[in-house]
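Working through the structure, step by step
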Protein chains: 2
Amino acid sequence: MSKLVYSFGGGKAEGRGAMKELLGGKGANLAEMVNIGLPVPPGFTITTEVCSYFFAHGNQYPAELRKQVDAALALMSKRVGKNFGDPSNPLLVSVRSGAPASMPGMMDTILNLGLNDATAAGLAKLTADERFVMDAYRRLVTMYGDVVLGIARHKFDHELEATKQRLGLKFDNEVPAAELRKLVATFKAIVLRETGKPFPEDPVEQLWGAVGAVFGSWNNPRAIVYRRQYRIPEHWGTATNVQAMVFGNMGEDCATGVAFTRDPAAGEHRFFGEWLQNAQGEDVVAGIRTPLPLDRNAGGEKSLEAMMPECHRELVTFRDRLENHYRDMQDLEFTIEHGKLWMLQTRTGKRTGFAAARIAVEMQGEGLISKTEALMRVEPDHLNQLLQPVFDPNDRKKAVAEKRLVAKGLAAGPGGASGKAVFSAEAAEAYVARGEKVVLVRQETSPEDIRGMLAAQGILTARGGMTSHAALVARQMGKVCVTGCSDIVVDYATRSFGTPGGTVVREGDPIAIDGTLGEVMVGAIKTVPSEVQRVLITKTLKAEDAPVYRIFEKLLGWADEVRRLKVRTNADQPDQAAHAVAFGAEGIGLCRTEHMFFGEGKIGPMREMILADTTEERQKALDKLLPLQRADFTGIFLAMGPRPVTIRTLDPPLHEFLPHEEKATAEVAREMNVPPAKIADKVRQLHEFNPMLGHRGCRLGISYPEITAMQGRAILEAALDAREQGVEAHPEIMIPFVGHVRELQLQAQAVRDEVAKVFAERGKSIPYTVGTMIEIPRGALTADEVAGVAEFFSFGTNDLTQMCLGMSRDDSASFLGRYRELKIYERDPFETIDRIGVGMLMRIAVEKGRSAQPKLKVGICGEQGGDPASVEFCHMIGLDYVSCSPFRVPIARLAAAQAALREKKTPARLPAKKTPAKKTAGRGATPRRPAAQVRPRPARKAAKPAVKRTAKKPPAKKAPKKARR
Amino acid sequence: MSKLVYSFGGGKAEGRGAMKELLGGKGANLAEMVNIGLPVPPGFTITTEVCSYFFAHGNQYPAELRKQVDAALALMSKRVGKNFGDPSNPLLVSVRSGAPASMPGMMDTILNLGLNDATAAGLAKLTADERFVMDAYRRLVTMYGDVVLGIARHKFDHELEATKQRLGLKFDNEVPAAELRKLVATFKAIVLRETGKPFPEDPVEQLWGAVGAVFGSWNNPRAIVYRRQYRIPEHWGTATNVQAMVFGNMGEDCATGVAFTRDPAAGEHRFFGEWLQNAQGEDVVAGIRTPLPLDRNAGGEKSLEAMMPECHRELVTFRDRLENHYRDMQDLEFTIEHGKLWMLQTRTGKRTGFAAARIAVEMQGEGLISKTEALMRVEPDHLNQLLQPVFDPNDRKKAVAEKRLVAKGLAAGPGGASGKAVFSAEAAEAYVARGEKVVLVRQETSPEDIRGMLAAQGILTARGGMTSHAALVARQMGKVCVTGCSDIVVDYATRSFGTPGGTVVREGDPIAIDGTLGEVMVGAIKTVPSEVQRVLITKTLKAEDAPVYRIFEKLLGWADEVRRLKVRTNADQPDQAAHAVAFGAEGIGLCRTEHMFFGEGKIGPMREMILADTTEERQKALDKLLPLQRADFTGIFLAMGPRPVTIRTLDPPLHEFLPHEEKATAEVAREMNVPPAKIADKVRQLHEFNPMLGHRGCRLGISYPEITAMQGRAILEAALDAREQGVEAHPEIMIPFVGHVRELQLQAQAVRDEVAKVFAERGKSIPYTVGTMIEIPRGALTADEVAGVAEFFSFGTNDLTQMCLGMSRDDSASFLGRYRELKIYERDPFETIDRIGVGMLMRIAVEKGRSAQPKLKVGICGEQGGDPASVEFCHMIGLDYVSCSPFRVPIARLAAAQAALREKKTPARLPAKKTPAKKTAGRGATPRRPAAQVRPRPARKAAKPAVKRTAKKPPAKKAPKKARR
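On a predicted model such as this, the values are computed, not experimentally measured, just so you know.

Let us now look at the interface of chain A and chain B. Counting from both sides, the interface comprises 49 residues of chain A and, opposite them, 49 residues of chain B. Joining chain A to chain B, the criterion identifies two salt bridges. In this structure, Asp834(B) engages Arg778(A) in a salt bridge whose closest nitrogen and oxygen atoms are separated by 2.7 Å. For the pair chain A and chain B, the interface holds 22 residue pairs in polar contact (both at pLDDT 80 or more). Taken together, the elements giving at least two residues each to the side of chain A that touches chain B come down to α29 (698–703), α31 (741–762), α32 (777–781), α34 (797–805), α35 (813–821) and α36 (838–852) of chain A. Classifying every residue of the side of chain A that touches chain B by side-chain character gives 24 nonpolar, twelve polar and 13 charged.

Below, the structure is given as structure tokens:
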């Protein structure tokens, strides 16, 4: 740990863009911007290793740090031509966090460090602008008080608001210098009162306090929640950036702004930014004032283009240079100080699923990235957004006619969301816990609101623009969002908001927000299927009228070209099956016959069968069920055409089909014409202490082989019927819950014996297979034996997880939350396959199964089959297919493609149109572990895999960093 | 399959004793007896391979069989000098089954084959004894009708009884020739009536019918039950022995008898047999007539010694020769025909656990066998019998005084048993299913009674001797048994028996039988501990007055010399711990703390803790529990002395400590002074769908680390207290239900942090370890990670089995019976470790655990830890210890010794005193599989392992036999 501090500025940088792990995203990009010739205020970055050291050593810094910081500070002073703490020519600095993965708003920032009474006076003299200096000073005391000293921010804000009220002012920048000076004094008094110590006047003490607070903020609860949500490993740590201040708030020739190189909500290819005159950067992001557009055609005379044309022109140049350099949509920050444009940050921009797909497809079209890169740019889960419903245009029209459209704001997160209005994160979580849907309404959002945003259907803010905290986070979460809706007046005290028309919406009132149009309506609005659904499922829209669908189609077409895994669906009904096929399903991986038993007219015979006292009675009931099951299966075969259909024989414990409440029992008894006591007795008799490990799965079929025989008959008769209707049905019969090869032998025999009769009766035979679920650890461990009988395997990872981990899915809620907090299981093992434990059983099963039967077809039908990380794992261990719910089929297709691309280890990047090939030479993709070593890698921010996995890494990593992988 | 038939007789035999697998036990021993020069009626054996072929080919014989049988029949005829079916000089034969493992009474036998009207007439002429011939003829028709033709035996017996009643006769042998001739005609009429076909007159047809019936009887339900009970593989099959008849019923110079070379009940070294004059062998075994003793000093003038002194002398010689040859206690059958002694069978004699231990120890003392052989001669489970209670002498005296001693019989199975009298196997099973204990009372027993005998505490028969079916089977099962109690009159019709004193005992009346004294009492009798217990536990008996104890001690002393596995006990109370130490426990492998919580004064604070709403409240309740737990642990440490004590932290789900019924809830609420609703709410809140996979084990400690801390404190404070009392306590703290190393890390830390405080407070520290249960598949699969933290492993095979097999122990009853019938699991996996599945997880865990920590101590504390087959498996996979309930400690010690001896693969046999070394040369022990291949071997009859595993096997096996292993 020799080099702890990396300097940049004056056209030179010690770091570079590829050093994100060491310098954090912000620090690496500052260095990179310097390297490509953009104007960046000088500064230095303290590495993430210092952060790790800090936590590993009881919040102590490495001994060498102070010297290196001193040297970097001296170099920065030289570059800027000012001195830290020098009243005659004071250097002011910002201190910001910068983690390897972008965590917007989660880490704390302090500006204007270096101000004290002496330097403030000196600076006032130098700038001849006391108002500016005092404004900076009061901001410093506020931020320092809040972030370093832990004083509630509202204590400062309250004083500022009181001053504004007293003076009748609306905006902070209207408060005069003298009042600001008084405020600084008041703020310092607050500090003394709250902490018992005066505000530190020593700039160096300020600096170290700020550095410690930045590192410390890595472990604040908000950061922890965010990391958990976005699966960012805790051990990465954050870097700290110390940078010379430039001021957007020194007068009317100053400004600050943020921009996206493309529209982050819809993905449109246009420069998209916001600015504020005479303001500091935090003012834009924090949403205190609603900012103005950059371009004239969006903001007219209030635009940057109109008001500062030179700076605007330069900024547009920088935008092109950055996008061509990074070859991805960038989120950038700038400040104009007395007409001079400074770049403060660039990073890969967060975007919605809509935008991610569109930008990826369009950049490929522009020749900026390859198809492969385009595929890697879209997080599979984000495709969900393209499938989510939007507001029904007719219902919206009706709402407008009824004058329920009460306000308009910025369309910050596309889609339509209805829910009860709530005004705090706590309320949002409480309503949701009761099963209600909510829209979170805030003046503006801050990191404290993250939990509430997660819980809500949508977010509505009164302040803040397209790049405000609310907008950024909502887009990343894929939430519907309307920001900057200055029409509404939010009152937290009464938990309500008022609209220009006089409507008052109180907590619990239903509202609807349209994040595509920026509309706010009272009352709920009906939704209609997404464009993709209307094209593929309801066929109410033509592809040529559906630009979102065309992007979807193109992207998934590329995915299909590269993926090796097949994607099937779990479907029990013909309509589900048809939808899945429309979404690209290549077969059914799991058709649960028991769902059919609950259908009309079927539960009666099913109950008769369960209540039967003799095999004869049972057979009578089964004879009634046979034609019903056959019809169900025929429907499925017709929907699936020639695609394989895996049908599982009866699985759940029989008591699930009987009523358990007294009233229901009486009713069923009447219907079935049996004494209620008979039903109650049967329920008692079937009661189990641990039904998950009880009389279910093939154990039922072994106890009552006639059930299995009936199902085998129904399946093959249906397949023959379908063939008579011209559909080449391919049935695969799957025996569940096999732990011992003999169970499968017996059940397979029961099926084959009955099917032989069917073939004889119909005078025709067709191919079919009998395989098994691998869902009991013993089945996996003895897969070589099982594969001696099974014609295919399908992993039932729900049960396999329950048994491998000894964890009942239905009961784990009481401790799994705590387990995730304690990092025992970082991800819910029922959502994402536990690669170490369950994954080991899966690998054993694949290996042993194929040792006995080299061409054994192996799939997965557990619910993790639609989870991208699990799809990747299934690819790695050589499965033939994954199977998931119909709506996750597109996600699985993309995830399978990404898994295949990652495995290839080729530089997932073609020479870009505008980037000389030389620039990327020697920066090949980081070698990946071979597929056999399938320990889960800590997933770096999945939203920008291309950056992680392509040319941005140094070819060799330093040893101490190794632990991070 | 070239040689299907092996001949013997006339001093020559094609087979030999070592060929049991091929010729069955009976056939091999007949050949062996011929080889060692004993007089055996000539005959031949059809091999077990023919039986296997028969079942594999739809009850067809191999083509070559008839020719070989014809040849063997011809050779036998030549040796005997008679011809089969020749009226002028007819040869009569017996056909008997003979499986590789002895299955007394389970297989069917037919005697006197070859008789028809013509040969009967011829034989009557030849023997001048029509009564004898007609007696043989009516037996043939009866047996053939029963066994081959399936006619209920009582139909024949009824006619015989009617004749005897009409003539006023008591015994069968009093029925005159003319009546017997009539009976033969009547019996043949029965055959015609019942089957529609006449009794076959053709002797060859008779022979083949009998052979088919013998093979077929291998799969009769009784045989299947027996095989399941004694774990005899179904694929072995039976051989069929065809042998020239010799007759014990041809007059007063004829006799038949059975004998044991030593007392099979108590093991005493004395010749022990019974005989009947003028009778066939089946008469003795079937218990129809109560037979007479062999020796004069046991039977006086009715003894064989008195009545046929020459034959007796010769028999005693044969007895010595057989015991020296076989070097084990033999069960032999003989017949005397006109004064000539013939040996019909010898086999290793079944014996009680008492006898097995005594014979083994005494034969070692006599130099007949080695210590190693002695150890292998006792089935570990049989040691139970030496520990079982016997009747309290005072209570017995009281019963005698009250004139409740109502009958006396033969002491056929030692021990005392009280229970309700029942008169059929069905009744026995029905009572036992209701949780009641029964004594099965029968006129005599037959194989149909096996299930009832299994269910009963003891067996009482009115007829039959020490070698009757009842006595043999009871001894093998270790049941208390009184046979030949001719004092009682059993009436099945009224389900009662009468005694000489006029007492009538009806079904359901309590009776008591003493199998050591042969006494029958009405009413129950109290029991007292066994001799071993009185010496070791209650210390009410001195070793020198306790011969059974001395044998026990000697045998287990030898076991301790050779075993490698340590044996610990599962004990939660100081008295249990002390008993276990007396039985040889070398530590505690599992002390369940939760059992202590149910103790006096503890459940209250425990419930307070569960109902606590805050950590503070919980801590208050824990503070109350601490001194109680500490006192418990101190008691255990004092009892265990310097032996290691593994204490498991809290494991069961918390709801188990709360009342579930409304009334109990109200009561507890009153006691605890809380509203009942609070308790009910908590119960609801704690309810789980699958509690086995729920919030339990270390999950509790992770949710409430203060519980773990309290327990860690209590354990170490107790250990320090014990040390202050001079006992060097060795605590080992075991964290249950670990599936992820991080769980263990957190819990181990909670323990270590608290223990550090204890050490600081007490100013003293002692060594202790923190380890884990391996009971979740994931824990086993990631054992390398877990072993990075754990200081020891202990397999919790109950839970491991549940999760590996996906089978809830509490719920498996509904299908496990069927599973065993279908041979899915041949043994209950909760009794005996499933070596393939669960065993694989165990091997993985041992291997991975030791890869991370080569000296890792690994034990087992699941209930299979006291099961001999499981102990063997634990030895094979290299465990350090097994832990079982206190009373199974001796069993585990012996099982561990046997496992070690089997592993050694050395010929487990020293040259025997009277057997020339040459005789055994070249017949070394069969090589065993290496320990790594731990697939369960089909266990050959475990009662005689020495025979199986020493010099009785041919050094190389023929290829076709290989499948049998």
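More follows now that the structure is in view.
A separate point is the state of the cysteines. Joining two cysteines, a disulfide is a covalent bond between their sulfur atoms. The full count for this structure, using the stated rule, is zero disulfides over all chains. Cys804(B) carries a free sulfur, and the closest cysteine sulfur to it, the one in Cys804(A), is 9.9 Å from it.

Further remarks concern the packing of aromatic side chains. Inspection of every chain in the model, using the stated rule, returns 28 aromatic pairs over all chains. Ring plane angle 15° and centroid distance 6.4 Å describe the contact between Tyr819(A) and Tyr825(A), whose orientation is recorded as stacked. Of the two residues, Tyr819(A) and Tyr825(A), both sit in the buried class. On the numbers, 5.7 Å between centres and 40° between planes, the contact of Phe54(B) with Phe215(B) is tilted. Taken as a pair, Phe54(B) in helix α2 (residues 48–56) and Phe215(B) in helix α8 (residues 203–217) lie far apart in primary sequence, 161 residues in all. Ring pairing ties together the aromatic residues Phe54(A), Phe55(A), Tyr61(A), Trp208(A) and Phe215(A), which thus form one cluster.

Residues and elements named next belong to chain B. The topology assignment puts Ile-588 in strand β28 (residues 588–592). By relative accessible area, which is 0% here, Ile-588 ends up buried. Spatially, the C-alpha atoms of Ile-588 and Ala-360 are 30 Å apart, while their sequence positions differ by 228 residues. Those residues within four positions of Ile-588 in sequence are excluded, and the remaining contacts are Arg-568, Thr-569, Ala-571, Ala-577, Ile-636, Met-640, Pro-644, Val-645 and Thr-646.

Before going further, it helps to examine helix α25 (residues 603–611) of chain A. Of the positions making up α25(A), those classed as buried are Pro605(A), Met606(A), Arg607(A), Met609(A), Ile610(A) and Leu611(A). On its buried face, α25(A) is in contact with α24 (593–597), α26 (615–640), α27 (662–672), α28 (676–686) and α30 (705–724) of chain A.

Residues and elements named next belong to chain A. Both faces of strand β20 (residues 480–483) are covered, namely the face carrying Val-480 and Val-482 and the face carrying Cys-481 and Thr-483. Across three bridges, strand β16 (residues 410–413) lies against β20 in antiparallel orientation. Residue Leu-410 lies in a different strand from β20, and its bridge partner there is Thr-483.

Here the focus is the sheet that holds strand β21 (residues 489–491) of chain B. Residues and elements named next belong to chain B. Ordered in space as β21-β22-β23, the three strands form an open sheet in which the pairing is antiparallel. Across the chains shown, the open sheet's two edge strands, defined by having one partner strand only, are β21 and β23 (504–506). Neighbour to neighbour, the strand axes of the sheet diverge by 20° on average, direction disregarded. Where strand β22 (residues 496–498) meets β23, three bridges bridge the pair, whose relative direction is antiparallel.

Residue and element names in this part refer to chain B. Spatial ordering of the open sheet is given by β2-β1-β3-β8-β6-β7, a layout of six strands whose pairing is antiparallel. Across the chains shown, the open sheet's two edge strands, defined by having one partner strand only, are β2 (12–13) and β7 (109–113). In the sheet, strand β6 (residues 93–98) pairs with β7 via three bridges, with the strands oriented antiparallel. Bridging from a neighbouring strand, Val-95 pairs with Ile-110 of β7. With respect to the sheet, helix α3 (residues 65–80) is in contact with β1 (5–9), β2, β3 (43–46), β6 and β8 (239–244), its orientation differing from that of β1 by roughly 5°.

This paragraph deals with the relation of the copies chain A and chain B. When chain A is brought onto chain B, the operation consists of a screw motion whose angular component is 179° and whose axial shift is 0.0 Å, with 0.2 Å RMSD remaining. Given the turn and translation reported, the copies of this chain are related as if by a two-fold rotation axis. Distance from the rotation axis, computed per C-alpha, reaches its smallest value in chain A at Asn690(A): 2.2 Å. Looking at chain A, 100% of its interface residues are interface residues in chain B too, so the copies touch through the same face.

Reading guide: rules and limits
- Residues numbered from 1 in each chain as written.
- Chains lettered and ligands numbered in written order.
- Predicted model: local features only at pLDDT ≥ 70, side-chain atom pairs only at ≥ 80, totals over all residues.
- Heavy atoms only, no water.
- Contact = heavy atoms within 4.5 Å.
- Salt bridge = Lys/Arg side-chain N within 4 Å of Asp/Glu carboxyl O.
- Polar contact = N/O pair within 3.5 Å; in protein donor to acceptor, adjacent residues only side chain to side chain.
- Helix = DSSP H or I, 4+ residues; strand = E, 2+ residues; numbered from the N terminus.
- Nonpolar A, V, L, I, M, F, W, Y, C, P; charged D, E, K, R; others polar.
- Disulfide = S-S within 2.5 Å.
- Phe/Tyr/Trp six-rings, centres within 6.5 Å; stacked < 30°, edge-to-face > 60°.
- Buried < 20%, exposed > 50% of the residue type's maximum accessible area, 1.4 Å probe, protein only.
- Pairing = 2+ DSSP bridges.
- Axes fitted to C-alpha atoms, helices over the stretch in contact; angles between N-to-C directions.
- Least-squares fit on C-alpha atoms with pLDDT ≥ 70 in both.

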